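An overview of the molecular structure
The lines below spell out each chain.
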Amino acid sequence: MRKPRGKNLSLANFFTIGDTWGALIRKQQRRVLLKPFLKQKHLPYSLTMTTQTAIQSQHTATHRYVPTTSTPISPEKVAAILAAEWELFSKNTKGSASESARAHQSLPLGVTSSFQHWDPYPISIVSAKGAYMTDVDGRQLLDLSMGFGAMLAGHLNPVVIEEVQKQMQQGMLFVTPSPTSTDAAERICARFGIDQVRFTNSGTESTMYAVRVARSATEKMGILKVEGGYHGSYDPFVVSAKPPLNKAGNPNKPTPYIEPNLVPGDIYVVPYNNLKSLEKMFKKNAKKIACFIVEPVLENIAIVLPDEGYLEGVRKLCDQYNVVLIFDEVKTGLTAGAHGASARLGVQPDLITLAKSIGGGLPLAAFGGKKKYMDFVTNGKMAHFGTFNGNPLAMAGVRAIDRICSDEALAVAEEFNLQALTRIGDIIDEYQLPAHTVGFGVKGCVTWSTTPVRNYRDYKATDFGVAEAHWLFAINRGIITPPGLDEQWLISLAHGQTEIDLLVEDFREFAKALRS
């Protein structure tokens, strides 16, 4: 069995939910209502993940565990850990340092996407398979980033390889209609419960075109988004993605923060989980607002869960004020469950955007929804173009994922994720850490705050110093998560009990370091 290098990553024998782990869950009085439904065609999306403490009531299909007591962490201790860990990082990643210096000559920041950069330099990867990646220094790393969901099936999944190789014998690009694209569209529509879909090549393209559909349908130009929400690099979506607080205005009535190089048009911003603010916005500006675009679960600022009833209230207000509701499921998608977040949470938007998890690792995205809105693509009022749209190789990825990501397979991954969340929650309790766990589908995170994070302002109040130390501590011990202080881990179909144990025991060692 393969494992990352590192001194303190112990492995445990595999055990199932039904035996040892089941007993532990019963002991902790936490429950997972999954197994009784695994034989059904579709999982019932009213399943719950309950916790011991519910300070703020969130949607029942989500997970949050907030301990009732904690002890502060010494800033001096955090500073000492960071200093030691950065020294260790530099010692063990000399190959990445050299590769970064070379890359800076031809690539701005030495990376192909700005989020990949961090100081002093990022880790450079040469290969990946299953749940692991190998860097230029020859170290094997447990991948808990998995391309934000693009690698949900795992690196070099054999089914993805099979479908792509089969397609390579038939053609790479037709730039015409093809049975391959029709087949993929039928699969996406059936899986996500939508009428029609169009394929694109990136999440940014999909969100941009979904907004254009809404503008065409309503003959209004305004866009409403959530403060702290990110929907790609189209000008309006960058507004208030992560605004400085001294320029963000009233928390209940945020001021749109527009960077100097943007031309966003008519843009409006509201706080997440605040129906009163949303209703006030609609009362004043609904005649100008074409759409409200929102992630049903925010995943650009760690994981921020919807309050119970919030999304239902959003749906009602959008209907009342004739505003198109767009769910950005670029990051949620299949990581939320086999039929996406809207099905999981029980709220149907007018349009959805998809990417990452639907393509098996190939560049693929999509937008779609109700026929009455997609008809504006049909009638030409919102023309949609793209040479590589629906290309055969990406369609092979759709076929592969449709084979791989069954209800049963994703339920197993979710059980592993909940196991990790629960065990880490126990460690937080044991060491009285000022933190809590949050999870949705196969994603999870530790949020360094003693109270739930319900919006961007709450997120900005979390402890980023400890978050950086936690992230760097894991990297130095063979575990890689996204290069930010506000992202999350992802349990793919390639992760198993060994990988969960590595994640949990690494967090235990970090907790020991904080309290040593």
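Refer to the structure printed above.
In every chain, residue numbers begin from 1 and rise along the written sequence. Under the rules for a predicted model, residues below a pLDDT of 70 receive no local features and side-chain atom pairs below 80 are neither given nor counted, while totals for whole chains, interfaces and linings still include all residues. Note that the side-chain values use all heavy atoms of the structure and ignore hydrogens as well as water.

Examining the overall build of the protein chain
Strands here mean DSSP runs of E at least two residues long; helices mean DSSP runs of H or I at least four residues long; both are numbered from the N terminus. From N to C terminus, the protein chain includes 16 helices and 17 strands. Residue burial in the protein chain is summarised as follows: out of 516 residues, 59% are buried. For this analysis, residues touch if any pair of their heavy atoms sits within 4.5 Å. Considering only contacts in the protein chain between residues 6 or more positions apart, those separated by 24 or more positions represent 74%. In the structure as shown, the protein chain presents an accessible area of about 21,100 Å², 54% of it carried by carbon and sulfur atoms. Burial classes: relative accessible area under 20% of the type maximum marks a residue as buried, over 50% as exposed, and values in between as partly exposed (1.4 Å probe, protein chains only). All accessible-area figures derive from a Shrake-Rupley calculation using a 1.4 Å probe, and residue coverage is judged against the displayed protein chains alone.

Considering the side chain of Asp 328
Its place among the elements puts Asp 328 in strand 11 (residues 324–329). Here Asp and Glu are counted as negative and Lys and Arg as positive; His is not counted, and neither are the chain ends. A pair is scored as a salt bridge if a Lys or Arg side-chain nitrogen falls within 4 Å of a carboxyl oxygen belonging to Asp or Glu. Here Asp 328 occupies a buried position and makes no salt bridge, while the nearest side chain of opposite charge, Lys 356, is found at 8.7 Å. Not counting residues within four places of it along the chain, the set of residues in contact with Asp 328 comprises Thr 207, Tyr 230, His 231, Ile 293, Val 294, Glu 295, Pro 296 and Thr 353.

Some thoughts on the sheet that holds strand 5 (residues 196–200)
The strands making up a sheet associate through backbone hydrogen bonding, with each pair oriented either parallel or antiparallel. Should DSSP find at least two bridges between two strands, the strands are taken to pair. Taken in spatial order, the seven strands make up an open sheet running 5-13-12-11-10-6-9, and their pairing is mixed. For this open sheet the edge positions go to strand 5 and strand 9 (267–270), each flanked by a neighbour on one side alone. Strand-to-strand, the axes of this sheet are offset by a mean angle of 20°, without reference to chain direction. Relative to strand 10 (residues 289–294), strand 6 (residues 222–226) runs parallel, the two sharing four bridges. Residue pairing in the sheet places Leu 224 in a bridge with Phe 292 of strand 10. Running over the sheet, helix 5 (residues 179–192) touches strand 5 and strand 12 (351–355) and is turned about 120° from strand 5. Geometry is summarised by axes, namely lines fitted to C-alpha atoms with helices restricted to the contacting stretch, and by angles between N-to-C directions that run from 0 to 180 degrees. Along the sheet, helix 9 (residues 310–320) makes contact with strand 10 and strand 11, crossing strand 11 at roughly 145°.

Here we look at the sheet that holds strand 17 (residues 489–490)
Read across the sheet, four strands follow the order 1-14-15-17 without closing on themselves; strand pairing throughout is antiparallel. Across the chains shown, the open sheet's two edge strands, defined by having one partner strand only, are strand 1 (63–65) and strand 17. In terms of strand pairing, strand 1 meets strand 14 (residues 436–440) through three bridges, oriented antiparallel. If you follow His 63 over to strand 14, its bridge partner there is Gly 439.

Structural notes on the packing of helix 4 (residues 158–168) against helix 12 (residues 392–404)
Contact pair helix 4 / helix 12: the axes reach a minimum separation of 8 Å and the direction vectors enclose 145°. The two elements helix 4 and helix 12 meet at a crossing, and its hand is right-handed. Two secondary-structure elements touch here, helix 4 through Val 159, Val 160, Glu 162, Glu 163, Val 164, Gln 167 and Met 168 and helix 12 through Pro 392, Leu 393, Ala 396, Arg 399, Ala 400, Arg 403 and Ile 404. Each crossing is labelled by how the near helix is turned from the far one, with a counterclockwise turn of less than a right angle marking it left-handed and a clockwise turn marking it right-handed.

Side note on a nonpolar patch on the surface
A patch consists of residues exposed above 30% relative accessible area that lack any salt bridge, with like charges linked at up to 9 Å and nonpolar side chains (Val, Leu, Ile, Met, Phe, Trp, Tyr) linked at up to 5 Å. A contiguous nonpolar patch, built from Met 168, Met 172, Leu 173, Val 175 and Phe 388 and spanning about 480 Å² of accessible area, is present on the exposed surface. Among the secondary structure elements, Phe 388 is positioned in the loop between helix 11 (371–378) and helix 12.

Remarks on helix 12
Given the number of residues in a helix, its expected span is that number minus one, multiplied by 1.5 Å. Taking 1.5 Å per residue, 13 residues should reach 18 Å; helix 12 reaches 18 Å between its end C-alpha atoms and fits that length. Pro 392, Leu 393, Ala 394, Met 395, Ala 396, Gly 397, Val 398, Arg 399, Ala 400, Ile 401 and Ile 404 are the residues of helix 12 that are buried. In this fold, the buried residues of helix 12 make contact with helix 4, helix 5, strand 5 and helix 13 (407–430).

Brief notes about the packing of aromatic side chains
By convention, a stacked pair of Phe, Tyr or Trp rings (six-membered ring in the case of Trp) has centres within 6.5 Å and planes under 30 degrees apart, an edge-to-face pair has planes over 60 apart, and any other such pair is tilted. What the rule picks out here adds up to 15 aromatic pairs. On the basis of an interplanar angle of 15° and a centroid distance of 5.8 Å, the ring pair of Tyr 209 and Phe 367 is categorised as stacked. With Tyr 209 in helix 6 (residues 203–218) and Phe 367 in strand 13 (residues 365–369), this residue pair connects regions lying 158 residues apart in the sequence. A relative accessible area of 1% places Phe 367 in the buried class. For the pair Phe 282 and Tyr 321, a centre-to-centre distance of 5.6 Å together with 40° between the ring planes defines the contact as tilted. You can see Phe 282 sitting in helix 8 (residues 275–285) and its partner Tyr 321 sitting in the loop between helix 9 and strand 11, a full 39 residues away along the chain. Here Phe 282 matches Tyr 321 in class, with each residue buried. As a reminder, the over-ring test applies to NZ of lysine and CZ of arginine, requiring each to be within 6 Å of the ring centre and within 35 degrees of the ring normal. Just above the ring of Tyr 209 sits the side chain of Arg 212; from NZ or CZ to the centre is 5.5 Å. Here Arg 477 stacks its cationic end above the ring of Phe 473, 3.5 Å away from the centre of that ring.

In short, geometric facts, not functional conclusions.
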